[in-house]
Amino acid sequence: MNGQSPNTLNIILSWIDVSNLNTLLHKEFNKHVLLHEEGYFETLVSFVAEKCLIKEKNIFEFGCGTGDLSLLLVVKGAKNVYGMDISEPSIQEARKKALKANVKNVNFQCGGIFETEIGSDKPDIIISNSVIHYIPGDLRPTLHRLFSMLKDGGTMLATVEAANKFSFIRMIQWFLFFVSPEVFKRNLHMLFGLISRFLNKDVLRNENELVLKSKARYLAVPIFQKKTKDEWVSEFKRAGFSDILIEMAPKLNKLSAPHYFITAKK
Ligand SMILES: C[S@@+](CC[C@H](N)C(=O)[O-])C[C@H]1O[C@@H](n2cnc3c(N)ncnc32)[C@H](O)[C@@H]1O
């Protein structure tokens, strides 16, 4: 699958019908929203600003969640930002934030990438933070769709969870996703708290309760794309992108898992 050597994840995925998995994931992303602490995306946007100009650019955010990154890009001078996500509650939350902040040049829409129409004014930049690894099966159609949406000469920026050899956490994620009841998933933050106290590492002390709860809930959402840097380069190349650079993304907070930052051009 995906031109990679078979690994446990690919073998399991080949047993599971990917369309059923997509339906299951869609339901999953409609059950909860991801919240961030204030200023969470400042470091990422500074990193982005080193790669390309944000000012006066049209930007499309794929998988915008509750909209913090899109809204910050507007604050940093983007001309228009179009954020889309398959999660209805996330989009509702994003729209509330835009209304509250009185930001006009941002448009949040709920939907899938193949149904999303962005018109003839194609984006100069497509950005996607921590989304692509949640797409099961063959990534080619999605990446090719993103490529076709981007303006000629435009920049694609994406973060994806970095491949690590130690897949214990991933096994827990699969177990929690398929087996554990929702009430348990919703209260995973309590388990986090207990473990951190047990390890005598009170890393959660200053975390906002709602933010922590929403982040801990993601422990029950498995990653479906676990690729090395070279494999990501091949995926993006196959979709038509060029000048592909993969580096480590800046760490956005002490709890975030290491991510790759992918820069590619059309
Ligand atoms: C970890 S959250 C990241 C959200 C946001 N990018 C952020 O950094 O806060 C993953 C997001 O990807 C969205 N997502 C997953 N699969 C998607 C797909 N196929 N199309 C659009 N959004 C998707 C989920 O609904 C969820 O909001």
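Computed from a prediction, not measured in an experiment: that's the story for all the values here. (Residues numbered from 1 in each chain as written. Predicted model: local features only at pLDDT ≥ 70, side-chain atom pairs only at ≥ 80, totals over all residues.)

Quick word on the overall build of the protein
And then number 1: Across its full length, the protein carries 11 helices and 7 strands.
And then number 2: Across the 266 residues that make up the protein, the buried fraction comes to 33%. (Helix = DSSP H or I, 4+ residues; strand = E, 2+ residues; numbered from the N terminus. Buried ≥ 20, exposed ≤ 12 C-beta atoms within 10 Å, placed from the backbone.)

So, the site of the ligand
And then number 1: As a structural note, the neighbourhood of the ligand is formed by 17 residues, with Phe29, Gly63, Gly65, Ser87 and Asn129 the closest of them.
And then number 2: Among the residues forming the shell around the ligand, the class breakdown is 9 nonpolar, 7 polar and 1 charged. (Near = placed C-beta within 6 Å. Nonpolar A, V, L, I, M, F, W, Y, C, P; charged D, E, K, R; others polar.)

Describing unusual backbone geometry
And then number 1: We note that Ser130 has phi near 60°; this positive angle belongs to a residue other than glycine.
And then number 2: For Ser130, the position within the fold is in the loop between strand E4 (125-129) and helix H6 (140-149).
And then number 3: Looking at Ser130, the number of C-beta atoms within 10 Å reads 21, which means it is buried.

Looking at the pairing of strand E5 (residues 155-161)
Successive residues of a regular strand alternate their side chains across the two faces of the sheet.
And then number 1: E5 sits mainly inside the fold: 7 of its 7 residues count as buried.
And then number 2: When E4 meets E5, the two strands line up parallel, connected through 5 bridges. In the strand pairing of E5, Ile127 is matched with Leu157.
And then number 3: Viewed along the sheet, the connection from E4 through H6 into E5 turns out right-handed. (Pairing = 2+ DSSP bridges. Right-handed = clockwise from strand over helix to strand, strands pointing away.)

Structural notes on the environment of Leu34
And then number 1: Within the element layout of this structure, Leu34 appears in the loop between helix H2 (18-29) and helix H3 (42-51).
And then number 2: Note: C-alpha distance between Leu34 and Pro89 (55 residues apart in sequence) is 9.9 Å.
And then number 3: Apart from the residues lying within four places of it in its own chain, the contact partners of Leu34 are Gly65, Thr66, Ser214, Lys215 and Tyr218. (Contact = placed C-beta atoms within 7 Å.)

Thoughts on the sheet that holds strand E7 (residues 259-265)
And then number 1: Pairing is mixed across the open sheet formed by 7 strands, whose spatial order is E3-E2-E1-E4-E5-E7-E6. Strands at the two margins of the open sheet, each flanked by one partner only, are strand E3 (106-110) and strand E6 (242-248). Strand after strand, the sheet turns through a mean of 15° between neighbouring axes, direction not considered.
And then number 2: Together, strand E1 (58-62), strand E2 (80-85), E3 and E4 form the strand contacts of helix H4 (residues 68-75), whose direction differs from that of E2 by roughly 175°. (Axes fitted to C-alpha atoms, helices over the stretch in contact; angles between N-to-C directions.)

Brief notes about the confidence of the model for the protein
And then number 1: Per-chain confidence: the protein averages 88 in pLDDT, with 86% of residues scoring 70 or above.
And then number 2: In the predicted structure, residues 1-5 sits below a pLDDT of 50 and forms 9 contacts with residues beyond four places in sequence or in another chain. (pLDDT = per-residue confidence, 0-100.)

Considering the nonpolar core
And then number 1: Ranked by size, the top nonpolar core spans 44 residues in total, and within it Ile59, Leu73, Val81, Ile126, Met156, Phe236 and Ile262 carry the most contacts.
And then number 2: Every residue in contact with Ile59, bar those within four places of it in the chain, is listed here: Leu73, Ala78, Val81, Pro123, Ile125 and Ile127. (Core = buried A, V, L, I, M, F, W, Y, C linked by C-beta atoms within 7 Å.)

A word on the pairing of E1
And then number 1: Burial within E1 is extensive, with 4 of its 5 residues counted as buried.
And then number 2: Two elements, E1 and E2, share 5 bridges in a ladder whose sense is parallel. Paired with Phe62 across the two strands is Met84, which belongs to E2.
And then number 3: For the crossover from E1 across H4 to E2, the handedness is right-handed.
And then number 4: Sheet analysis places E1 next to E4, joined by 3 bridges and oriented parallel. Among the inter-strand pairings, Phe60 is bridged to a residue of E4, identified as Ile126.

A short note on the environment of Lys226
And then number 1: Looking at the secondary structure, you find Lys226 in the loop between helix H10 (209-217) and helix H11 (229-238).
And then number 2: You can call Lys226 buried: it has 20 C-beta atoms within 10 Å.

Points about H4
And then number 1: When you tally the buried positions in H4, you get 6 out of 8 residues, the bulk of the element.
And then number 2: Tucked inside the fold, the buried residues of H4 contact H3, E1, E2, helix H5 (88-100), E3 and E4.
And then number 3: Positive backbone phi, approximately 110°, marks Gly77, located one or two places after H4.

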